[in-house]
Amino acid sequence: MINKIKALYRAGNLTTTSLLGWSVFLLALHPEWQEKARKEVVTFCGLELPTSDAIARLRTMNMILNECMRLYPPAITVTRKVKREVRLGSMTLPANMTMFMSILALHHDPQIWGEDVHIFKPERFAEAVAKATNNNAAAFFPFGFGPHTCVGQNFTTNEAKIALSMILQRYKFTLSPNYVHYPNNIQLYHY
Ligand code: HEM
């Protein structure tokens, strides 16, 4: 039981702070999106604490958070163990093999996202994910997929929306001239 609680704490802590950190960074770099997000928050929440009804209406913020997780996915791979030998396209995967599927690589693949793949463009997510991904909806998988999809997905999305709304209600922010870009992989599990 204690280990399960520790796992939830570890899985939910650095991932959410990573998402919030990169969101603030990207909004500092793109003041026009910062202003759009602030306007939306003020329209639906005023200067009050965001309610669950208001959070559900934050479409622009949803687009921004998706684009942040596309460019800087808090978890960069998902892992699967091959139970028995299996054919996958032209490959044969042996039993007991551990596979790492790179979220980061797929989120930065120009064949899926287009030549502007490295540019922050929340408007990609204005419509369905299938549209943003050139009909490869599974190629956007910041929370993994299948039976092991992140159990904290809805919780963390709401948490991030509340935190970001409260920041936007109170502050305008820009990037420090001393900032040095140094994205780093976070280690989720330290046993
Ligand atoms: C932005 C925040 C988060 C991101 C990007 C994220 C991402 C992920 C990813 C990629 C996986 C692997 C899914 C797979 O293998 O298909 C995962 C699993 C998991 N996540 Fe999250 N996560 C986040 C927040 C949270 C939070 C807040 C919690 C708990 C409160 C949580 C609990 C878990 C658990 C327990 C698993 C294991 C699920 C399983 O193996 O059945 N995560 N998460």
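Residues numbered from 1 in each chain as written. Predicted model: local features only at pLDDT ≥ 70, side-chain atom pairs only at ≥ 80, totals over all residues. Heavy atoms only, no water.

Just one protein atom coordinates the iron atom of the ligand, and that atom is C150 (SG), at 2.3 Å. Inspection of the secondary structure assignment puts C150 in the loop between α7 (129–132) and α8 (153–170). (Donors = N, O, S within 2.8 Å, 3.2 Å for Na, K, Ca; no water. Helix = DSSP H or I, 4+ residues; strand = E, 2+ residues; numbered from the N terminus.)

Moving on: the side chain of T60. Its place among the elements puts T60 in helix α4 (residues 59–71). Apart from residues no more than four positions distant in its own chain, T60 is found in contact with W33, K36, A37 and E40. (Contact = heavy atoms within 4.5 Å.)

One turn of the α-helix equals 3.6 residues, which is why residues spaced by three or four share an orientation. The terminal C-alpha atoms of helix α1 (residues 2–29) lie 41 Å apart, and with 28 residues this matches the ideal 40 Å at 1.5 Å per residue to within 8%. Looking only at α1, the buried set comprises T15, T16, S18, L19, L20, W22, S23, F25, L26, L27 and A28. In this structure, the buried side of α1 is in contact with α2 (31–45), α4 and α8. (Expected span 1.5 Å × (residues − 1). Buried < 20%, exposed > 50% of the residue type's maximum accessible area, 1.4 Å probe, protein only.)

Under the feature "transmembrane region" (unreviewed entry), the UniProt entry names residues 7–29. What you have in residues 7–29 is 100% helix and 0% strand, and the ends, taken at the C-alpha atoms, are 34 Å apart. (UniProt positions renumbered as here; feature names shortened; annotations may be inferred.)

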